[in-house]
Amino acid sequence: MSVMKGATELADEKAIVAAAEAALGEVALVRAEIGKVIFGQESVVEQTLLAVLSGGHALLVGVPGLAKTKLVATLGIVLGLDNSRIQFTPDLMPSDILGSEVMDQDAAGHRSFRFIPGPIFTQLLMADEINRASPRTQSALLQAMQEYHITIAGDRKDLPQPFHVLATQNPLEQEGTYPLPEAQLDRFLMQVDVGYPELAAERQILLETTGLAETEARPVIDAGRLQQIQGLIRQMPVGEKVVDAILALVRSARPGNGNADTDKNVAWGPGPRAGQALMLCARARALYDGRLAPSIDDVLALAEPVLQHRMALTFAARAEGMSVRDVIADLVKRAKD
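So, how was this worked out
Residues numbered from 1 in each chain as written. Predicted model: local features only at pLDDT ≥ 70, side-chain atom pairs only at ≥ 80, totals over all residues. Heavy atoms only, no water. Helix = DSSP H or I, 4+ residues; strand = E, 2+ residues; numbered from the N terminus. Buried < 20%, exposed > 50% of the residue type's maximum accessible area, 1.4 Å probe, protein only. Contact = heavy atoms within 4.5 Å. Lys, Arg positive; Asp, Glu negative; His and termini not counted. Charge placed at Lys NZ, Arg CZ, Asp CG, Glu CD. Phe/Tyr/Trp six-rings, centres within 6.5 Å; stacked < 30°, edge-to-face > 60°. UniProt positions renumbered as here; feature names shortened; annotations may be inferred. Core = buried A, V, L, I, M, F, W, Y, C linked by side-chain atoms within 4.5 Å. Domains from an automatic or database assignment. Salt bridge = Lys/Arg side-chain N within 4 Å of Asp/Glu carboxyl O. Expected span 1.5 Å × (residues − 1). Pairing = 2+ DSSP bridges. Axes fitted to C-alpha atoms, helices over the stretch in contact; angles between N-to-C directions.

Things to note about the overall build of the protein chain
Argument step 1. Helices and strands together make up the secondary structure of the protein chain, namely 16 helices and eleven strands.
Argument step 2. Along the first, second and third principal axes, the C-alpha atoms of the protein chain reach 75 × 60 × 50 Å.
Argument step 3. The buried share among the 337 residues of the protein chain stands at 46%.
Argument step 4. In the protein chain, the share of contacts with a sequence separation of at least 24, taken over all contacts with a separation of at least 6, comes to 76%.
Argument step 5. Taken together, the 32 basic and 42 acidic charged side chains of the protein chain have centroids lying 3 Å from each other.

Here we look at the packing of aromatic side chains
Argument step 1. Following the criterion strictly, the structure yields two aromatic pairs and no others.
Argument step 2. Ring plane angle 70° and centroid distance 5.8 Å describe the contact between phenylalanine 115 and phenylalanine 121, whose orientation is recorded as edge-to-face.
Argument step 3. By relative accessible area, phenylalanine 121 is classed as partly exposed at 24%.
Argument step 4. Between the aromatic rings of tyrosine 148 and phenylalanine 163, the centroid separation amounts to 6.3 Å while the plane-to-plane angle is 85°, which identifies the pairing as edge-to-face.

Things to note about the UniProt feature "domain: ChlI/MoxR AAA lid" (unreviewed entry) in the protein chain
Argument step 1. Feature annotation in UniProt places "domain: ChlI/MoxR AAA lid" (unreviewed entry) on residues 262–330, given in this structure's numbering.
Argument step 2. End-to-end, the C-alpha atoms of residues 262–330 are 10 Å apart, and along that stretch the chain is 64% helix and 7% strand.

As for the nonpolar core
Argument step 1. Among the nonpolar cores identified, the biggest contains 70 residues, and Ile34, Leu79 and Leu307 are the most heavily contacted of them.
Argument step 2. Broken down by element, this core gets its largest block of residues, nine residues, from helix H12 (residues 272–288).
Argument step 3. In terms of domain composition, this core takes at least three residues from each of domain 1 (10–90 + 123–235) and domain 2 (237–336).
Argument step 4. Contacts of leucine 79, omitting those with residues within four sequence positions, involve Val30, Leu49, Val52, Ile221, Asp222, Ala223 and Leu226.

Here's the deal with the pattern of salt bridges
Argument step 1. Inspection of the entire model under this criterion finds 17 salt bridges.
Argument step 2. Among the ionic pairs, arginine 325 bridges to aspartate 193, the shortest N-O distance being 2.9 Å. With a gap of 132 residues between them, arginine 325 in helix H16 (residues 324–336) and aspartate 193 in strand E9 (residues 190–193) connect regions that are remote in the sequence.
Argument step 3. Residue arginine 325 is classed as partly exposed on the basis of its relative accessible area, which comes to 38%.
Argument step 4. Judged by its relative accessible area of 24%, aspartate 193 falls in the partly exposed class.
Argument step 5. Here aspartate 298 ties to arginine 291 by a salt bridge, and the two come within 2.8 Å at their closest N and O atoms.
Argument step 6. Arginine 291 gets classed as partly exposed once you look at its relative accessible area, which sits at 28%.
Argument step 7. Ionic contacts of the salt-bridge type, sharing partners, join the residues Glu46, Arg285, Asp289, Arg291 and Asp298 into one network.

Regarding helix H10 (residues 240–252)
Argument step 1. Between its first and last C-alpha, H10 extends 18 Å over 13 residues, near the 18 Å set by a 1.5 Å rise per residue.
Argument step 2. Contact partners of the buried residues in H10: helix H11 (260–265), H12, helix H13 (296–301), helix H14 (303–307) and H16.

What about the sheet that holds strand E5 (residues 124–128)?
Sheets are built from strands paired through backbone hydrogen bonds, the pairs being either parallel or antiparallel.
Argument step 1. A sheet is described by the order of its strands in space; here five strands give the open sequence E2-E5-E8-E1-E9, paired in parallel fashion. In this open sheet, the two edge strands, each paired with only one partner strand, are strand E2 (83–87) and E9. Taken over all neighbouring pairs, the strand axes of this sheet differ in orientation by 20° on average, direction set aside.
Argument step 2. Examined bridge by bridge, E2 and E5 share five bridges and lie parallel to one another. Across the sheet, residue asparagine 83 finds its bridge partner in E5, namely leucine 124.
Argument step 3. Sitting on the sheet, helix H2 (residues 42–53) touches strand E1 (58–61), strand E8 (164–169) and E9, and the angle it makes with E9 is about 160°.

Next up, the structure:
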């Protein structure tokens, strides 16, 4: 019996390795295709793609004009996903996102309600300037992002699979905006900070995007294949040391766990979703880099995008000019030592 079990486990391991090796090549093609349209911004592309490969959502934070919308549209093309865009504004209503029921009347005079789906019924949803809508409208995304369905008039309506939300947020212009509630922030797998491009990348942008024609991305995989890769990532083995590193990092970011600096500077820390996000994203990063198993370095590299939107500083820490990034950088440094 044990011999049979051992042979089955060996066969399963070989199947996972073979599937992973096939996925490695496809992910490399996806990266190359995105690179034809998005110049520079390697870490932004990596983190956004990791969020999608992990089956989650991402919040892209950066000033206008840094190709956040272009990146989301390119991802939709390259990954073969249906995509739609919602421009969030203060007067946007939940029904503008979810859809609404209208009354129809047939030739015999019988009346009935018909549901008209909103733009949320897509595979890749870009929520542009998500913090410009009211909390009531923002809450329309909560159930969809966590449970992958919505409820209209008491009826459950499932969303297309896979379903991903890539939201953008302008960190500078705060007039007329509504900060995202913590419960919604926690549903984003990662917060991706989008900075200005490097000099060489900006030069390439000027040369490539101001002519008669621009390079267009082409599909590399489709939605079905993406789901297979997402399932494969969840099967990738994670060593005990990596699991311990995830737990140690997440717990060290919470007050009351024996870290004096955290107790002093952090008002509240990341919950279990942060550990889940690190597990998935570390696996995805290994695959992204052409490896079959994640390492502790993957965990530490993802600490900032996974943790920064799941923490808040005390008033005293903010008064001293500290930022959440400073706290995370210190935690990562301690983990390396």
